[in-house]
Protein chains: 2
Amino acid sequence: MNPLVDDRLVSFLLYDLVDAPALCSLAYFEDHSRDTFELYVGSCRRIARDVLFPAYRPMDEEPPRLEDGRIRVHPSMHAIYPQLVDVGVLAATRPAEVGGQQLPMTVATLAHAYLMAANLSAYGYAALTTGAAHLIESFGDEPLRRELMTRMYEGRWTGTMALTEPQAGSSLADITTTAAPTEGGCYLVRGSKIFISGGDHDLTENVVNLTLARLVGAPPGTRGISLFAIPNRRLEDGALVDNDVSVAGAIHKIGWRGLPSLALSFGERGDCRGWLVGEPHHGLRQMFQMMNEARIMIGLNGAATASVAYHEAVEYARTRTQGRALGDRDPTRPPVPIVEHADVRRMLLRQKAIVDGAFALLATTARWADLWEHAADPAVRERSRLLLDLLTPVAKSFPAEHGFEANALAVQVHGGYGYSSEYLPEAWLRDQKLNSIHEGTTGIQSLDLLGRRVVAQGGAPLRLFGEEIAEAVARARRAGVNGAWCESVGRRFDLVASLTAELGARGLAGDVEGMLAHSADYLELFSILAVAWQHLRMATVAHERLAAGDERAPFLRGLLAGAQYWICTELPRVDHLADLCRSGEDSYLRLDPDWL
Amino acid sequence: MNPLVDDRLVSFLLYDLVDAPALCSLAYFEDHSRDTFELYVGSCRRIARDVLFPAYRPMDEEPPRLEDGRIRVHPSMHAIYPQLVDVGVLAATRPAEVGGQQLPMTVATLAHAYLMAANLSAYGYAALTTGAAHLIESFGDEPLRRELMTRMYEGRWTGTMALTEPQAGSSLADITTTAAPTEGGCYLVRGSKIFISGGDHDLTENVVNLTLARLVGAPPGTRGISLFAIPNRRLEDGALVDNDVSVAGAIHKIGWRGLPSLALSFGERGDCRGWLVGEPHHGLRQMFQMMNEARIMIGLNGAATASVAYHEAVEYARTRTQGRALGDRDPTRPPVPIVEHADVRRMLLRQKAIVDGAFALLATTARWADLWEHAADPAVRERSRLLLDLLTPVAKSFPAEHGFEANALAVQVHGGYGYSSEYLPEAWLRDQKLNSIHEGTTGIQSLDLLGRRVVAQGGAPLRLFGEEIAEAVARARRAGVNGAWCESVGRRFDLVASLTAELGARGLAGDVEGMLAHSADYLELFSILAVAWQHLRMATVAHERLAAGDERAPFLRGLLAGAQYWICTELPRVDHLADLCRSGEDSYLRLDPDWL
């Protein structure tokens, strides 16, 4: 039975690495303890394994159907969703006043990783609902909170994020959906959206689309965008009536096949009502306040999808026998499990280093999110906000890009069987590919990181990151971690800092194109360093625990092996990538499209 | 309309880079000329575009069905296969005496690239038939050539390679299929094979499986393996009768879906007859004489699959508008084609560098295959054989591994649409994944390269490779190619040579595990260098032609951009990879499987 996520890793991250129980000293979490954390993680883990995972394959094989203009989801979902609601997934981190459990994001992140690893699509309905309800919770007025948010957090309605339009794609400045005021205070909306996950279904009685649109007469570009809540059916005199939101088509996705991705039309009959959420023209800014959260969730999707495939590959490699040790040419001896072959172990350890590194990074960023929102000390809040902001593009894109690589390795470990849809790794490979595309492509993350986040506030976030790394290196040295590893991580941070200063200066001098030419390489080197930092932290704690005679020795030694692998084989790549950023190598910058 | 492969590239490779017409001075090719080459390439190109490509999507959507124990292929195949036969694909390179056209492999390789890019599965039936018939042509006796080979080259029967068994996988030493002699000279065969592509179908009246099996009483291991021809139906008194070969199951592959991959059972009723091909116990050796050819074909599959996706991505990037130039914040200006964005150009140029580099390498190896078989001078033949042998694992695995990366980039360029099965890039991504698995996984290629090929004959092949590189560097300097590129390529060869000597010495001293610990990294660095060498060669010719006022300036400038990209961004990675090989970094070597 695939564990989905390694229980030992989750426990290590929560209690050994980021000390989640320490968060209980903050007022918001004061009713919690390690026991309540364990209860929640245990509940999610149980339904992930018992309910969501068995439905994964059937849901992948039979995607939702469009019938008479309505989406019918897979029958399994009707049993799954109420259980997600019962466990309290929807409002796990939200305040008690809106029906939430006030759990730390740190805990919810790792608990929900099981649900994602088990069945991304099934969890997706819940995640989107939480995100949409949270927008109303943050910016909506009292009637919207009462009428819409409450029903969403209670699991009676679901939610979506409706940003993308067919003609605009990633360029939100170009969206054209419009909203005209009515006398009743709501707006008449017209427009088309695409790639709306969960935009219609028969799972609950209604769907609320948190939609970006322009007020009539609004300025062009991103400054003229407002946020609206547009339910598929609206309440009139206590009854739900059609709100003129229609399904224009279903996208045939290659993964996440249990969750419909739709083209929606608003107001084809001129009768689609939307309600303004927050301030006019502040829609994009409001949406982006949620975006860090959404991006960390995508990173978690990536880590979880790499995790479940990694565990499948480990089990296969332990049980599948084939070939013999190097140099053993005696065919009368029985073949060995393929995990004995060095190259198979390489593929498994690489997957493990990616998965463990991604989860550690995500746990760390989730803890910053908790501190930012709930620490009593404003200085701690500000520090956490800056670090979270800095690392978000990495936490989103590293698991997506390197997770895809890990998923491909899981297929490879399975050999010819991995190429068959009778085995699961190929399905996770398909699922994973979306994570480099949605919620901002990797290209957009790279421009965001280098063009905005590392140079923000005179480089303050990067200096804080340097402090985190210096502290990790110092503690690693004290714990007796290999000195070369410590030196390697510390030196690469210095390199990244000087590189960033140089590129920032180039931008300030007006050469923005030169500054950003290698943003993809910059994101990659920054990610490698961030993950190396996490591996160093994990290795440090592993050392400390082993020295204290901890009984988890095999697991802790595995963490050390992963750290060695990442720091010795991957981290040195930073040097070459930094050279590229610095040199401004211009092959594709000065490429004429006619040369292609 | 997707060109599948760039006509300008094919022409450049054949006539500017490897000078295919010069091969016509060899006796075997004396009836050929540039005109006959063009005729053949043109025919393949035409049916690829007009016949095979339109059937690609339908064949992917409706794989062959297993009905009453027989495989029914997609209806399109019944129209396609006769056209492949008519063009002369089956025996393009084979001698006139067996009905062939005696074309150079160099020409056939690039002509067939169009067929593969159009529809891998459709071409697969032909490629497998050629390979199987070629085995009989090389090792079979006269009756087998007359009865089996002729029918296969004529297109009346098809062929397969039946090596893999369920319990043995890549470990051919462990195959257990047995063959017992009969009085009639043939053998009674019993056993099971798996992943047999085209092992049954209703496309032609018969299939001949070139099968590895053990004579009763043969020694264990690879030395006891013989080669048999086992038709699904055998000729008795001029009529075809059932030969007790049954379809035990069909693999549900994730790509190559037009070509069935089957589990076959031989002799369930004790009545399966096979005919020995060549010498008893020489089966594996004979099969491996064909293996270089098969592996180069897999490399070509990889390059072609990356090529068709690259062209799709270029066209999409030129026509899809989205966003504006960096720093242009005026939303009233129209959006630009996404090819204007630096990161999109990066993704396209990376794909191009992989595709062009792979095709150049394959054209170069194909030319060596031609010289090895047909040069008059034994020294030229031997030199070509050694170089072909050395570069084959690279020509097989580079297009498979980096082609997969290129295919993923083609999906990424398409954004959300790339994640939909209504667009083609996702299908090519699925197709490509097989190429790192079949005909020897990438792991096996890496052991083969470092453990055997680079150290063969006291390093003679590597010295010849060094001569090739030195010559390419000298010509590049004369042509005025950027001196830094020349220096970079030359220096990396020296590095690879000294690294190889060091690793070889380690192996000779008994530390085979240490020698091969980083075989994956070695294969990668060797591949990067080999492809850089090809880019340097292409850049040299491009320089020479541009200086002569050649009218293909945009295309030639594109080659220079690809060369710059590869040599400046990818080649420096060799240094780090060589460090890993040399250091013997041991994280996964000493990994205890219990730590995973």
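Here, the structure is the one placed above.
Cut-off values and rules
Residues numbered from 1 in each chain as written. Chains lettered and ligands numbered in written order. Predicted model: local features only at pLDDT ≥ 70, side-chain atom pairs only at ≥ 80, totals over all residues. Heavy atoms only, no water. Helix = DSSP H or I, 4+ residues; strand = E, 2+ residues; numbered from the N terminus. Rg over C-alpha atoms; globule rule 2.2 N^0.38 Å. Buried < 20%, exposed > 50% of the residue type's maximum accessible area, 1.4 Å probe, protein only. Least-squares fit on C-alpha atoms with pLDDT ≥ 70 in both. Contact = heavy atoms within 4.5 Å. Buried area = accessible area lost by both parts, 1.4 Å probe. Salt bridge = Lys/Arg side-chain N within 4 Å of Asp/Glu carboxyl O. Polar contact = N/O pair within 3.5 Å; in protein donor to acceptor, adjacent residues only side chain to side chain. Nonpolar A, V, L, I, M, F, W, Y, C, P; charged D, E, K, R; others polar. Phe/Tyr/Trp six-rings, centres within 6.5 Å; stacked < 30°, edge-to-face > 60°. Lys NZ or Arg CZ within 6 Å of the ring centre and 35° of its normal. Axes fitted to C-alpha atoms, helices over the stretch in contact; angles between N-to-C directions. Parallel < 35°, antiparallel > 145°, perpendicular 65-115°, else oblique. Left-handed = near helix turned anticlockwise from the far one by under 90°. 1 Å grid on protein atoms, 1.4 Å probe; cavity = no way out; pocket = protein on both sides within 12 Å on 5 of 7 lines; lining within 4 Å. Points joined across faces, edges and corners; volume = space filled by probe spheres on them. Pairing = 2+ DSSP bridges. Patch = residues over 30% accessible without salt bridge, like charges linked within 9 Å, V, L, I, M, F, W, Y side chains within 5 Å. Areas by Shrake-Rupley, 256 points an atom, 1.4 Å probe, with all protein chains shown as cover. Core = buried A, V, L, I, M, F, W, Y, C linked by side-chain atoms within 4.5 Å. Expected span 1.5 Å × (residues − 1).

### Examining the overall build of chain A
1) Next: Scanning chain A from terminus to terminus reveals 19 helices and 12 strands.
2) Next: Scaling as 2.2 N^0.38, a compact globule of 596 residues should have a C-alpha radius of gyration of about 25 Å, and chain A matches this with 24 Å.
3) Next: The principal-axis extent of the C-alpha atoms belonging to chain A is close to 80 × 60 × 60 Å.
4) Next: Here chain A holds 596 residues, and 65% of them are scored as buried.

### Here's the deal with the relation of the copies chain A and chain B
1) Next: Between the two copies, chain A and chain B, the superposition gives an RMSD of 0.0 Å; the rotation angle is 180° and the shift along the axis is 0.0 Å. This pairing of chains is accounted for by a two-fold axis. Relative to the rotation axis, the C-alpha of A:Arg573 is the closest in chain A, positioned 3.9 Å from it.
2) Next: A share of 99% of the interface residues of chain A reappears at the interface of chain B, consistent with the copies meeting face to face through the same patch.

### Brief notes about helix α12 (residues 425–433) of chain A
1) Next: Of all 9 residues that make up α12(A), 9 are buried, and the element is covered over most of its length.
2) Next: For α12(A), the complete set of buried residues consists of A:Pro425, A:Glu426, A:Ala427, A:Trp428, A:Leu429, A:Arg430, A:Asp431, A:Gln432 and A:Lys433.

### A closer look at the interface of chain A and chain B
1) Next: Opposite the 90 residues of chain A that make contact, chain B presents 89 residues.
2) Next: Together, the buried faces of chain A and chain B total about 7,500 Å²; carbon and sulfur atoms form 63% of this surface.
3) Next: The three residues of chain A that bury the most area against chain B are A:Tyr419, A:Trp595 and A:Leu596, which together make up 12% of that side's buried surface.
4) Next: Our count for the chain A to chain B interface comes out at 2 salt bridges.
5) Next: Of the charged contacts in the structure, one is a salt bridge between B:Asp174 and A:Arg324, with a shortest N-O distance of 2.5 Å.
6) Next: For the interface between chain A and chain B, the tally reads 39 residue pairs in polar contact (both at pLDDT 80 or more).
7) Next: In terms of residue count, helix α18 (residues 553–570) of chain A provides more of the side of chain A that touches chain B than any other element does, 8 residues in total.
8) Next: Looking at the side of chain A that touches chain B, its residues break down into 42 nonpolar, 25 polar and 23 charged.

### Digging into the pattern of salt bridges
Residue and element names in this part refer to chain B.
1) Next: The final tally for this structure, using the stated rule, is 98 salt bridges over all chains.
2) Next: A salt bridge links Glu137 to Arg94, with the shortest nitrogen-to-oxygen separation between them at 2.9 Å. Within this pair, whereas Glu137 is found in helix α6 (residues 120–139), its partner Arg94 is found in the loop between α4 (75–87) and α5 (105–118), the two being separated by 43 residues in sequence.
3) Next: On the accessibility criterion, Glu137 (12% relative accessible area) is buried.

### Looking at the packing of aromatic side chains
1) Next: In this structure the tally under the stated criterion is 31 aromatic pairs over all chains.
2) Next: Here the aromatic rings of B:Tyr417 and B:Tyr423 are separated by 5.5 Å at their centres, their planes lie at 50°, and the arrangement is tilted.
3) Next: Of the residues examined, B:Tyr417 reaches a relative accessible area of 15% and is grouped as buried.
4) Next: For B:Tyr423, a relative accessible area of 30% puts it in the partly exposed group.
5) Next: Here the aromatic cluster, defined as three or more aromatic residues joined through ring pairs, consists of A:Trp368, A:Phe465, A:Phe493, A:Tyr522, A:Phe526 and A:Trp533.
6) Next: The ring of B:Phe404 carries the charged tip of B:Lys433 above its face, separated from the ring centre by 4.6 Å.

### Overview of the packing of helix α15 (residues 483–508) of chain A against helix α17 (residues 519–547) of chain A
All names here are of chain A.
1) Next: Running from amino to carboxyl end, α15 crosses α17 at an angle of 150°, the nearest separation of the two axes being 10 Å. Between α15 and α17, the interaxial angle falls into the category roughly antiparallel. Read as a crossing pair, α15 and α17 show a hand that is left-handed. On α17, the residues touching Trp485, Cys486, Val489, Arg492, Phe493, Val496, Leu499, Thr500 and Leu503 of α15 are Tyr522, Leu525, Phe526, Leu529, Ala532, Trp533, Leu536 and Ala539.

### With respect to the environment of A:Cys581
Residues and elements named next belong to chain A.
1) Next: Take Cys581: it is sitting in helix α19 (residues 573–583).
2) Next: Put simply, Cys581 and Met515 are 66 residues apart on the chain and 8.0 Å apart in space, counted from C-alpha to C-alpha.
3) Next: Look past the residues within four positions of Cys581 in its chain and what remains in contact with it is Leu499, Leu503, Arg506, His518, Asp521, Tyr522 and Leu525.

### Some details on empty space enclosed by the protein
1) Next: Scanning the model with the defined rule gives 8 cavities of 30 Å³ or more in all.
2) Next: Its boundaries defined by the atoms lining it, the largest cavity holds a volume of some 110 Å³.
3) Next: As for the largest cavity, its lining consists of A:Ile254, A:Phe404, A:Glu426, A:Leu429, A:Arg430, A:Lys433, B:Ile254, B:Phe404, B:Glu426, B:Leu429, B:Arg430 and B:Lys433.
4) Next: Breaking the lining of the largest cavity down by element, the ones donating at least two residues are α12 of chain A together with α12 (425–433) of chain B.

### Section: the pairing of strand β7 (residues 226–231) of chain B
Residues and elements named next belong to chain B.
1) Next: For β7, a buried count of 6 out of 6 residues is recorded, marking the element as mostly surrounded by other parts of the structure.
2) Next: The alternating pattern of β7 places Ser226, Phe228 and Ile230 on one face and Leu227, Ala229 and Pro231 on the opposite face, and all of these are buried.
3) Next: With 2 bridges connecting them, β7 and strand β12 (residues 273–276) associate as antiparallel partners. Bridging from a neighbouring strand, Phe228 pairs with Leu276 of β12.

### Some words on a nonpolar patch on the surface
1) Next: On the surface, a nonpolar cluster with roughly 230 Å² of combined accessible area is contributed by A:Leu326, B:Leu447 and B:Val512.
2) Next: Along the polypeptide, B:Leu447 turns up in helix α13 (residues 442–453).
3) Next: Residue B:Leu447 is classed as partly exposed on the basis of its relative accessible area of 35%.

### Considering the environment of A:Ala476
Residue and element names in this part refer to chain A.
1) Next: Relative to the assigned elements, Ala476 resides in helix α14 (residues 460–479).
2) Next: For Ala476, a relative accessible area of 0% gives the class buried.
3) Next: Separated by 119 residues in sequence, Ala476 and Trp595 have C-alpha atoms that sit 51 Å apart.
4) Next: When neighbours within four sequence positions are excluded, Ala476 is seen to be in contact with Val481, Cys486, Leu536 and Thr540.

### Some points on the packing of helix α9 (residues 342–374) of chain B against helix α10 (residues 378–413) of chain B
Residues and elements named next belong to chain B.
1) Next: Where α9 meets α10, the axes come as close as 8 Å, and the angle between the chain directions of the two elements is 160°. As the angle between them shows, α9 and α10 are arranged roughly antiparallel. Seen from above, α9 lies across α10 with left-handed handedness.
2) Next: Counted by class, the contact of α9 with α10 contains 23 nonpolar, 6 polar and 5 charged residues.

### Remarks on the nonpolar core
1) Next: Counting residues in hydrophobic clusters, the biggest one holds 391 residues, and the most contacted among them are A:Phe465, A:Phe526, B:Phe465 and B:Phe526.
2) Next: With residues near it in sequence (within four places) discarded, B:Phe526 still touches B:Leu390, B:Leu391, B:Val394, B:Leu449, B:Val454, B:Leu462, B:Phe465 and B:Val496.

### Points about unusual backbone geometry
1) Next: The backbone of A:Asp237 shows a phi angle near 55°, a positive value even though the residue is not glycine.
2) Next: In this fold, A:Asp237 is placed in the loop between β8 (233–236) and β9 (239–242).
3) Next: The class of A:Asp237 is exposed, set by a relative accessible area of 84%.
4) Next: For B:Asp68, which is not a glycine, the phi torsion comes out positive at approximately 50°.
5) Next: Mapping B:Asp68 onto the fold places it in the loop between β1 (65–67) and β2 (70–72).
6) Next: For B:Asp68, a relative accessible area of 78% gives the class exposed.

### Concerning the side chain of A:His414
1) Next: For A:His414, the position within the fold is in the loop between α10 (378–413) and α11 (415–418).
2) Next: Beyond its immediate sequence surroundings of up to four residues, A:His414 is in contact with A:Glu312, A:Ala313, A:Tyr316, A:Tyr423 and A:Pro425.

### Considerations on helix α14 (residues 460–479) of chain B
Residues and elements named next belong to chain B.
1) Next: Under the 1.5 Å per step criterion, the end-to-end length of α14 is 29 Å for 20 residues, consistent within 8% with the ideal 28 Å.
2) Next: Among all positions of α14, only Ala460, Pro461, Leu462, Leu464, Phe465, Gly466, Glu468, Ile469, Ala472, Val473 and Ala476 are buried.
3) Next: Against the buried residues of α14 lie α9, α10, α13, α15 (483–508) and α17 (519–547).
4) Next: At the exit of α14 stands Gly480, carrying a positive phi of roughly 85°.

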